Amino acid sequence: EFINQYPQSDATTDFGFFFFFTAGVRKRVIERVQPLKSQSAFLKLAPTNWSEQFTQSATARKLEYCEFLRKTRFILCPRGYGVGSARVFEALQAGRVPIIISDNYVMPEGIDWPSCSLRIKERDVGLIPELVERNLPQWSLLSENASKIFSRNFSDEAIANYIITQLEQL
């Protein structure tokens, strides 16, 4: 509810992840990327103990997450309990580039996903820093495309039309 489309100039961190442990791939991200991370990476684990999660208000946690989105170019979006992650759409909404980490997630149809996101196999999470470095020169264009794709397809104003179009194509 607090996510905005942020200026590209606000992004100062190359990639990051702000998450709970809900799937094995998330643990592998921490195990394999944490030791490799540079000064331009941000990895934050949410508290694993439920009582710790309530030491700060829900609004404060949401605002902290929005600040993370604002400052980060590539947002790691590993699968959670299911095969997908809402982070993909939050990243697009913020004008940031999602890195989709899920072997079985079928992306919504009708979107040119390579123009606005990156994808990596779950077993290859250790290659994330290389993937980011290789794609930094295209970040600005990927970011612009992410914003446009979100606005045209997934924003509050557009989502109903997107769903109707997809249903008609079935």
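Residues numbered from 1 in each chain as written. Predicted model: local features only at pLDDT ≥ 70, side-chain atom pairs only at ≥ 80, totals over all residues. Heavy atoms only, no water.

**Let's talk about the packing of helix α4 (residues 87-94) against helix α6 (residues 139-154)**
- Remark: α4 packs on α6, axes separated minimally by 7 Å, with the N-to-C direction vectors making an angle of 110 degrees. Judged by the inter-axis angle, α4 sits roughly perpendicular to α6. Two packed elements cross with a definite hand, and for α4 against α6 that hand is left-handed. From α4, F89, L92 and Q93 reach across to α6, where they touch A146, S147, F150 and F154.
- For the contact of α4 with α6, the per-class residue count stands at five nonpolar, two polar and no charged. (Axes fitted to C-alpha atoms, helices over the stretch in contact; angles between N-to-C directions. Helix = DSSP H or I, 4+ residues; strand = E, 2+ residues; numbered from the N terminus. Parallel < 35°, antiparallel > 145°, perpendicular 65-115°, else oblique. Left-handed = near helix turned anticlockwise from the far one by under 90°. Contact = heavy atoms within 4.5 Å. Nonpolar A, V, L, I, M, F, W, Y, C, P; charged D, E, K, R; others polar.)

**As for the confidence of the model for the protein**
- Confidence in the prediction for the protein averages 87 pLDDT; 85% of positions are at 70 or higher.
- Per-element confidence in the protein is highest for α6, whose mean pLDDT is 98, and lowest for helix α2 (residues 50-53), whose mean pLDDT is 50. (pLDDT = per-residue confidence, 0-100.)

**Describing the pairing of strand β4 (residues 97-101)**
- Most of β4 is tucked away: five of the five residues are buried.
- Residues V97, I99 and I101 of β4 are buried on one face, and the alternating residues P98 and I100, pointing to the opposite face, are buried as well.
- Pairing of strand β3 (residues 72-78) with β4 involves five bridges; the strand directions are parallel. Considered in β4, the bridge of P78 is made with I101.
- Read as a crossover between parallel neighbours, the route from β3 over α4 to β4 is right-handed.
- With three bridges joining them, β4 and strand β5 (residues 118-120) adopt parallel strand pairing. Pairing of I101 across the sheet is with I120, part of β5. (Buried < 20%, exposed > 50% of the residue type's maximum accessible area, 1.4 Å probe, protein only. Pairing = 2+ DSSP bridges. Right-handed = clockwise from strand over helix to strand, strands pointing away.)

**Focus on the environment of N135**
- Among the structural elements, N135 can be located in helix α5 (residues 128-135).
- C-alpha of N135 to C-alpha of L118: the two residues are 17 residues apart in sequence and 8.8 Å apart in space.
- Ignoring sequence-local partners within four residues, the contact set of N135 consists of F74, L118 and L142.

**Comments concerning the nonpolar core**
- Counting residues in each nonpolar core, the largest one holds 24 residues, and the members touching the most others are I3, L69, V88, L92, W113 and F154.
- Of all the secondary structure elements, the ones that give two or more residues to this core are α3 (58-71), β3, α4 and α6.
- If near-sequence neighbours (up to four positions away) are discounted, L69 is found in contact with I3, Y6, I75, E90, A91, A94 and R96.
- A11, F74, L76 and L118 belong to the second-largest nonpolar core, a separate cluster that totals 22 residues. (Core = buried A, V, L, I, M, F, W, Y, C linked by side-chain atoms within 4.5 Å.)

**Focus: the environment of Q138**
- Structurally, Q138 is set in the loop between α5 and α6.
- Accessibility expressed as a relative area gives 38% for Q138, which makes it partly exposed.
- Sequence spacing of Q138 and S115 is 23 residues, and the spatial spacing of their C-alpha atoms is 9.7 Å.

**So, the pattern of salt bridges**
- All chains considered together, the criterion is met by six salt bridges.
- Where R70 meets E67, a salt bridge forms, and the shortest distance between an N and an O atom there is 2.4 Å. You can see R70 and its partner E67 sitting in helix α3, three residues apart, about one turn around the helix.
- Under the relative-accessibility criterion, E67 is labelled partly exposed at 32%.
- In the salt-bridge network here, residues are joined through shared partners; they are D10, E67, R70 and K71. (Salt bridge = Lys/Arg side-chain N within 4 Å of Asp/Glu carboxyl O.)

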